[in-house]
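Architecture and fold: a report
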Amino acid sequence: MITLVASTLYVIIWKVFYTIAMPDWFDTYTKHAMDELRASGATPTKMADQLAHMKEYKELLKNPLYEFGMTFLKIFPVGIVVTLISSVINAVRRHSTPS
């Protein structure tokens, strides 16, 4: 439950933060990705394909449910791993402590 709440709060805070502080974050990211691709010596065809992919993704992110889901999926698995590790540590401590 903690992981679910923490992940949801992460998504809300991220949305508020990047809407206020970085309204053009995706355009900046796209420019950076294209600059990196150009610097790596990519062909114009490869660059055009990547740019088309980035534009498609930007359109998908205009849907708030898709954006929420993608952002949630970035952090939720990490929370599950931390929860499982914490559970194992607590179980080991409980069994090693004399009653």
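Now for a description of the structure that goes with this document. Everything quoted here is computed from the prediction, not taken from an experiment. (Residues numbered from 1 in each chain as written. Predicted model: local features only at pLDDT ≥ 70, side-chain atom pairs only at ≥ 80, totals over all residues. Heavy atoms only, no water.)

Some details on the pattern of salt bridges
- Evaluation of the coordinates by the stated rule reveals five salt bridges.
- With its nearest N and O atoms 2.9 Å apart, the salt bridge here joins Asp-35 to Lys-31. Of this pair, Asp-35 and Lys-31 both sit in helix α2 (residues 25-39), four residues apart, which is roughly one turn of the helix.
- Lys-31 gets classed as exposed once you look at its relative accessible area, which sits at 53%.
- Among the charged side chains, a network of salt bridges with common partners joins Lys-31, Asp-35 and Arg-38. (Salt bridge = Lys/Arg side-chain N within 4 Å of Asp/Glu carboxyl O. Helix = DSSP H or I, 4+ residues; strand = E, 2+ residues; numbered from the N terminus. Buried < 20%, exposed > 50% of the residue type's maximum accessible area, 1.4 Å probe, protein only.)

What about the packing of α2 against helix α3 (residues 44-60)?
- At a minimum axis separation of 10 Å, α2 and α3 run at an interaxial angle of 165°. Our classification of the angle between α2 and α3 gives roughly antiparallel. Viewed along their axes, α2 and α3 form a crossing whose handedness is right-handed. For the pair formed by α2 and α3, the contact residues are Phe-26, Asp-27, Tyr-29, Thr-30, Ala-33, Met-34, Leu-37 and Arg-38 on the first element and Lys-46, Met-47, Gln-50, Leu-51, Met-54, Tyr-57 and Lys-58 on the second.
- Counted by class, the contact of α2 with α3 contains nine nonpolar, two polar and four charged residues. (Axes fitted to C-alpha atoms, helices over the stretch in contact; angles between N-to-C directions. Parallel < 35°, antiparallel > 145°, perpendicular 65-115°, else oblique. Left-handed = near helix turned anticlockwise from the far one by under 90°. Contact = heavy atoms within 4.5 Å. Nonpolar A, V, L, I, M, F, W, Y, C, P; charged D, E, K, R; others polar.)

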